[in-house]
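# Structure assessment
Take a look at the letters that make up each chain.
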Number of protein chains: 2
Amino acid sequence: MIDLENGVFLGQVEDLAARRRWPDLRDMLTLLEPADIAAVLAELPADRLPVLYRLLPKELAAEVFVEMEPEEQEVLIKSFSDTELREVLEELYVDDTVDLIEEMPASVVKRILRHTDPETRRSVNEILRYPEDSAGSIMTTEFVDLKRDMTVSDAIKRIRRTGSDKETINICYVTDPSRHLLGLVSIRTLVLADEEDIIEDIMETNIISAATMDDKEDVAQDLSRYDFLAMPVVDKESRLVGIVTIDDAIDVMEEEATEDFELMAAITPTDKPYLRTGVWETVKSRLPWLMLLMLSATFTGIVISSFEDSLAVCSVLIGFIPMLMGTGGNCGNQSSVAVIRGLSLNEIGFSDLLSVVWKESRVALVCGALLSCANFVKLLAVDRWLMQNAEVTTLVALVICLTLMCTVFCAKVVGCLLPLLAEKIGLDPAVMAAPFISTIVDVLSLLIYFQFAMALLGL
Amino acid sequence: MIDLENGVFLGQVEDLAARRRWPDLRDMLTLLEPADIAAVLAELPADRLPVLYRLLPKELAAEVFVEMEPEEQEVLIKSFSDTELREVLEELYVDDTVDLIEEMPASVVKRILRHTDPETRRSVNEILRYPEDSAGSIMTTEFVDLKRDMTVSDAIKRIRRTGSDKETINICYVTDPSRHLLGLVSIRTLVLADEEDIIEDIMETNIISAATMDDKEDVAQDLSRYDFLAMPVVDKESRLVGIVTIDDAIDVMEEEATEDFELMAAITPTDKPYLRTGVWETVKSRLPWLMLLMLSATFTGIVISSFEDSLAVCSVLIGFIPMLMGTGGNCGNQSSVAVIRGLSLNEIGFSDLLSVVWKESRVALVCGALLSCANFVKLLAVDRWLMQNAEVTTLVALVICLTLMCTVFCAKVVGCLLPLLAEKIGLDPAVMAAPFISTIVDVLSLLIYFQFAMALLGL
């Protein structure tokens, strides 16, 4: 990977472009991987883009095009002649064409479809019909299909004839005349087999496949779980309609992890890289949550206000509110994140509810007890004895430590329950992380605090 | 994927095992993927494990073995005769043997090494020498190497002769006699090429490779960035020593994401699945952080205590503390998580510090202004007018809203700065998430609050 950060390489590119040294520039760029060329072009002024792009050999150009961000793709398409557009589109795989169409404005989409050949257009339209989160939406319809009665040598001939247009030839699919999936055979098996072997005898018939409407996240998880390079996708009638390749599955996994991170930080997910998101877009993805959480913090305020008189009597209690709320929030956050991650890796499910709660309860008891003891010692040794704060009586310390114990317990149980319940009712469990958990735990910890204070201190 | 959750399948397995219907059981299990068989066996009582495992055909058995958790692997190895152990070890790829050795207790490791053939033992020892986070530690030494002057037909012959022991034949590596990497050629290229083509003419010479000591996370990111199926790993003298395959890269990516999630929730990462981690282990990974954060919350308490007298005079201010601290924490969390994720996807680096801070500052100004306005209206309309709380004067509302504005700004800047600084000094940026940010922002927001209160309310 070239180091774009220090800017030396970019400087050289700009310099060569300014001096119109096109052949040198071409030699320099073609040494890079497509993803890196796309990154270099993105850093240059937009008006240079079409010129530099045209330097690239046709096939490489298409690969670079796929790696670009939608903004640059749009600039390029607008600069293309019809012939150029057709040439690029011919080189794209169907799933990349679909991605492109999904990102472009309507006028550009119309132009793209006009210059796509009819067969590809049919495939594109088919894929576009599937919902955004489905396996169908990320599959490609270009795979190698073989027949069961072919010999290995027939199969290799067929691959040689049709393979160059396919996204992968690493796994080939065996179908019957009505396109039902009968088995699969890897290129490895084909190469290692005898030329006269019959496909039917060497194919793997024990197939894991996805349905077009399966959640794309589950399909990506399965590809990872089974170490597959591609997963066949079948329709309701078990006919093979496409495949999901590992590179697309990895993209899904990264996107989903990013989405979880964002939801857990109370950000509405966007699929743009950080520095590419404008200020207003960023505000739009963050402000509604802040507003909501700010308003819900009002409840915490109401609880405090309703105990204002008691607090005025025993004002030492106020100083410990942040510690209690903070520790509660941290405990709840730990449990919720552990459960959210377990859910998204399919390590746990709603049916594990009881064992999760049982585990978290025991963890909470141990953590709560140890935190309370540590705090009790600290209150008496530091606050009372060292800092001579006479208001911190043993009874006050007891109130604080009992509250801590109960808060930790409630926080851990709430923290593990909410993501599981969210999953059950079809919400994304990642929403039930720090921000929401803290807001709930804040109120709980205050209520517990004041109950103990009233009971033990007689406020 | 079979549905283990409802327990029907497991019930059938247990039933067949109890009735000693071994052939039926074997037929039932061999229909599954290795990962699923491992999951089924893990759910059964440990004493059944060796019996059921021995039902599986040799090759499948080894694949299942690789998918198991260390606990079950240990049980099995202890039940193996020397011959059985040798048979399993023969079927394992070198990198799987390394993984196994890393997880087993010393006595088991000794026995494993005694029964590994000398060549594998040498490779294992070589891989074990690399640090835990390095590319070297996750590579396999079993790859297909070709010579530049071979014809395609020679190459395919070589693959057919040696390929069945290699982890992948999808990418083959061309080396010179001193093992320097000259190029690579995919099986796709080989299959689509003419038999008489010379490897040198069709190989890709523009190679991206990793060094043995590169961070395994970066190598995984590169595999994903360039859509590679394998990445060659070279030593300091540019000699090819191994390859990292995509399935191992995916595991690294998942582990690293899980690690980030855990660090961000103040949990020390463990690499065990949630339900497999015992209560004490969980406590050990969580308690130190809770303790640390609890103690650091003491500072917040000290700030409040030092303003106790002022708060007693104007006790209405107390009720808004949670809202101010909460909103600050949420704002900081949003920025830090956005930056942490950007860093781990290599979308941003330390050199982007200025543009990140500039962006977050503008986002903070907009968010802060809108939150303050909303809050001002709410304070006067709801608290003052609707709930007739005479203590909420316009001046009090002003103090709260100015504090909110400044807190949001500080929180967003601190939130984006700390992960970048952590990255710079070599810490994991994920540590700088919600828990730490909140603790810092809590103190900041209180200090701001009391400054405004003293200035405007004259406390």
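Since the structure is predicted, the reported quantities are computational estimates derived from the model, not experimental observations. (Residues numbered from 1 in each chain as written. Chains lettered and ligands numbered in written order. Predicted model: local features only at pLDDT ≥ 70, side-chain atom pairs only at ≥ 80, totals over all residues. Heavy atoms only, no water.)

## With respect to the overall build of chain A
Tallying secondary structure elements over chain A gives 22 helices and 6 strands in all. Residue burial in chain A is summarised as follows: out of 459 residues, 55% are buried. At a minimum sequence separation of 6, the contacts of chain A that also span at least 24 residues come to 67%. Element-wise, carbon and sulfur atoms account for 55% of the exposed surface of chain A, whose accessible area totals about 19500 Å². If the 39 positive side-chain charges of chain A are averaged to one point and the 75 negative ones to another, these points end up 4 Å apart. (Helix = DSSP H or I, 4+ residues; strand = E, 2+ residues; numbered from the N terminus. Buried < 20%, exposed > 50% of the residue type's maximum accessible area, 1.4 Å probe, protein only. Contact = heavy atoms within 4.5 Å. Areas by Shrake-Rupley, 256 points an atom, 1.4 Å probe, with all protein chains shown as cover. Lys, Arg positive; Asp, Glu negative; His and termini not counted. Charge placed at Lys NZ, Arg CZ, Asp CG, Glu CD.)

## Things to note about the relation of the copies chain B and chain A
Here chain B sits on chain A after a turn of 180° about the axis and a move of 0.0 Å along it, with an RMSD of 0.1 Å. On the angle and the small slide along the axis, the relation comes out as a two-fold axis. Taking the C-alpha atom as reference, chain B places B:Ala312 closest to the rotation axis, 3.0 Å from it. Here 100% of the interface residues in chain B have copies in chain A that are interface residues too; the copies meet face to matching face. (Least-squares fit on C-alpha atoms with pLDDT ≥ 70 in both.)

## What about the nonpolar core?
The biggest cluster of nonpolar side chains holds 124 residues, and the ones touching the most others in it are A:Leu41, A:Tyr53, A:Phe65, A:Ile77, B:Tyr53, B:Phe65 and B:Ile77. Once residues within four sequence positions are removed from consideration, A:Ile77 is found in contact with A:Phe65, A:Leu85, A:Leu100, A:Met104, A:Val108, A:Arg111 and A:Ile112. (Core = buried A, V, L, I, M, F, W, Y, C linked by side-chain atoms within 4.5 Å.)

## Points about the pattern of salt bridges
One pass over the structure, following the stated rule, counts 36 salt bridges over all chains. In this structure, B:Arg225 engages A:Asp36 in a salt bridge whose closest nitrogen and oxygen atoms are separated by 2.5 Å. Residue B:Arg225 is found in helix H15 (residues 216-225), and its partner A:Asp36 is found in helix H3 (residues 34-43); the two belong to separate chains. With a relative accessible area of 27%, B:Arg225 lands in the partly exposed category. (Salt bridge = Lys/Arg side-chain N within 4 Å of Asp/Glu carboxyl O.)

## Describing the packing of helix H1 (residues 8-18) of chain B against helix H2 (residues 22-30) of chain B
Describing two packed helices takes the angle between their axes plus the distance from one axis to the other. Residues and elements named next belong to chain B. Where H1 contacts H2, the two axes come as close as 9 Å, and the packing angle between them is 155°. By the angle between their axes, H1 is roughly antiparallel relative to H2. The chirality of how H1 crosses H2 is left-handed. Judged by residue contacts, Phe9, Gln12, Val13, Leu16 and Ala17 of H1 engage Trp22, Asp24, Leu25 and Met28 from H2. (Axes fitted to C-alpha atoms, helices over the stretch in contact; angles between N-to-C directions. Parallel < 35°, antiparallel > 145°, perpendicular 65-115°, else oblique. Left-handed = near helix turned anticlockwise from the far one by under 90°.)

## Comments concerning H1(B)
Residues and elements named next belong to chain B. Those residues of H1 that fall on the buried side of the exposure criterion are Phe9, Leu10, Val13, Leu16 and Ala17. All buried residues of H1 project into a common sector of 130° when viewed along the axis, lining one side. Pointing more than 90 degrees away from the buried face of H1 are the exposed residues Val8 and Ala18. In the core, the buried residues of H1 are packed alongside H2, helix H3 (34-43) and helix H4 (49-55). Looking one or two residues beyond H1, the residue adopting positive phi is Arg20, at roughly 55°. (Arc of directions from axis to C-beta.)

## Examining the interface of chain B and chain A
Across the boundary between the two partners, chain B contributes 114 residues, which contact 116 residues of chain A. Among the residues of chain B in contact with chain A, B:Arg188, B:Phe261 and B:Tyr274 are the three that bury the most area, contributing 8% of the side total. Between chain B and chain A we count 6 salt bridges in total. With a closest N to O distance of 3.5 Å, B:Arg160 and A:Asp194 form a salt bridge. At the junction of chain B with chain A, the criterion picks out 40 residue pairs in polar contact (both at pLDDT 80 or more). Ranked by residue count, the leading element in the side of chain B that touches chain A is helix H17 (residues 279-306) of chain B, at 18 residues. Per-class residue counts for the side of chain B that touches chain A are 62 nonpolar, 26 polar and 26 charged. (Buried area = accessible area lost by both parts, 1.4 Å probe. Polar contact = N/O pair within 3.5 Å; in protein donor to acceptor, adjacent residues only side chain to side chain. Nonpolar A, V, L, I, M, F, W, Y, C, P; charged D, E, K, R; others polar.)

## So, the pairing of strand E2 (residues 171-175) of chain A
Residues and elements named next belong to chain A. The element E2 is extensively covered by neighbouring structure, given that 5 of its 5 residues are classed as buried. A two-sided burial pattern is seen for E2, the buried positions comprising Ile171, Tyr173 and Thr175 on one face and Cys172 and Val174 on the other. Relative to E2, strand E1 (residues 145-146) runs parallel, the two being bridged by 2 bridges. Directly across from Asp145, in E2, lies its bridge partner Tyr173. Handedness of the crossover joining E1 and E2 through helix H12 (residues 152-162) is recorded here as right-handed. Relative to strand E3 (residues 181-186), E2 runs antiparallel, the two being bridged by 5 bridges. Bridged to Ile171 within E3 is Ser186. Connecting the antiparallel pair E2 and E3 is a turn made up of 5 residues, with Arg179 showing a positive phi of about 70°. (Pairing = 2+ DSSP bridges. Right-handed = clockwise from strand over helix to strand, strands pointing away.)

## Observations concerning helix H15 (residues 216-225) of chain A
All names here are of chain A. H15 sits mainly inside the fold: 7 of its 10 residues count as buried. Residues of H15 that are buried: Lys216, Val219, Ala220, Gln221, Asp222, Leu223 and Ser224. One side-chain oxygen of the residue at the start of H15 lies 2.9 Å from the amide nitrogen of Glu217, identifying that residue as Asp215.

## Examining the sheet that holds E1(A)
The sheet built from 3 strands is open, its strands ordered E1-E2-E3 (chain A) with mixed pairing. Of all strands in the sheet, those bounded by a partner on one side alone are E1 and E3 of chain A.

## With respect to the environment of A:Asn330
For A:Asn330, the location among the structural elements is in helix H19 (residues 321-344). Considering only alpha carbons, one finds A:Asn330 and A:Ser438, 108 residues apart in sequence, at a separation of 7.8 Å. With sequence-adjacent residues up to four places away left out, A:Asn330 is seen in contact with B:Leu290, B:Leu293 and B:Pro435.

## A few points about the packing of aromatic side chains
Scanning the entire structure with this criterion turns up 17 aromatic pairs over all chains. Ring centres of A:Phe261 and B:Phe261 lie 3.9 Å apart, and the angle between their planes is 0°; on these two criteria the pair is classed as stacked. Here A:Phe261, found in helix H16 (residues 246-264), pairs with B:Phe261, found in helix H16 (residues 246-264), and the two come from separate chains. Pair check on accessibility: A:Phe261 and B:Phe261 agree, each one buried. One aromatic cluster is present, formed by A:Tyr53, A:Phe65 and A:Phe80 through successive ring pairs. Stacked on the ring of B:Tyr274, the Lys or Arg A:Lys359 has its end atom at 4.2 Å from the ring centre. (Phe/Tyr/Trp six-rings, centres within 6.5 Å; stacked < 30°, edge-to-face > 60°. Lys NZ or Arg CZ within 6 Å of the ring centre and 35° of its normal.)

## Some details on the confidence of the model for chain A
A low pLDDT means the predicted coordinates there should not be read in detail. Residues and elements named next belong to chain A. On average, chain A scores 87 in pLDDT, and the residues at 70 or more come to 98%. Averaged over each element, pLDDT in chain A is lowest for helix H18 (residues 308-313) (78) and highest for helix H14 (residues 199-202) (94). If you check the scores for this complex, the pTM reads 0.81 and the ipTM reads 0.80. (pLDDT = per-residue confidence, 0-100.)

## Brief notes about the sheet that holds strand E5 (residues 230-234) of chain B
Residues and elements named next belong to chain B. Taken in spatial order, the 3 strands make up an open sheet running E4-E5-E6, and their pairing is mixed. Two strands close off the open sheet at either side, each with one partner strand: strand E4 (210-211) and strand E6 (240-245). Pairing analysis gives 2 bridges linking E4 to E5, with the strands arranged parallel. For Ala211, the partnering residue across the bridge sits in E5 and is Val234.

## Some details on the environment of A:Leu370
Its location among the elements puts A:Leu370 in helix H20 (residues 353-386). For A:Leu370, the residues in contact, after removing those within four places along its chain, are B:Leu287 and B:Met291.

## So, unusual backbone geometry
All names here are of chain B. Of note, Ala266 is a non-glycine position whose phi angle comes to about 60°, a positive value. On the basis of relative accessible area, Ala266 is assigned to the buried category, the value being 3%. Within the chain, Gln388 stands out as a residue other than glycine whose phi angle is a positive 55°. Mapping Gln388 onto the fold places it in the loop between helix H20 (353-386) and helix H21 (394-424).

## Considerations on a nonpolar patch on the surface
All names here are of chain A. Residues Leu395, Leu398, Leu402 and Leu456 make up a contiguous nonpolar surface patch of roughly 270 Å² in combined accessible area. Note that Leu402 resides in helix H21 (residues 394-424). Judged by its relative accessible area of 31%, Leu402 falls in the partly exposed class. (Patch = residues over 30% accessible without salt bridge, like charges linked within 9 Å, V, L, I, M, F, W, Y side chains within 5 Å.)

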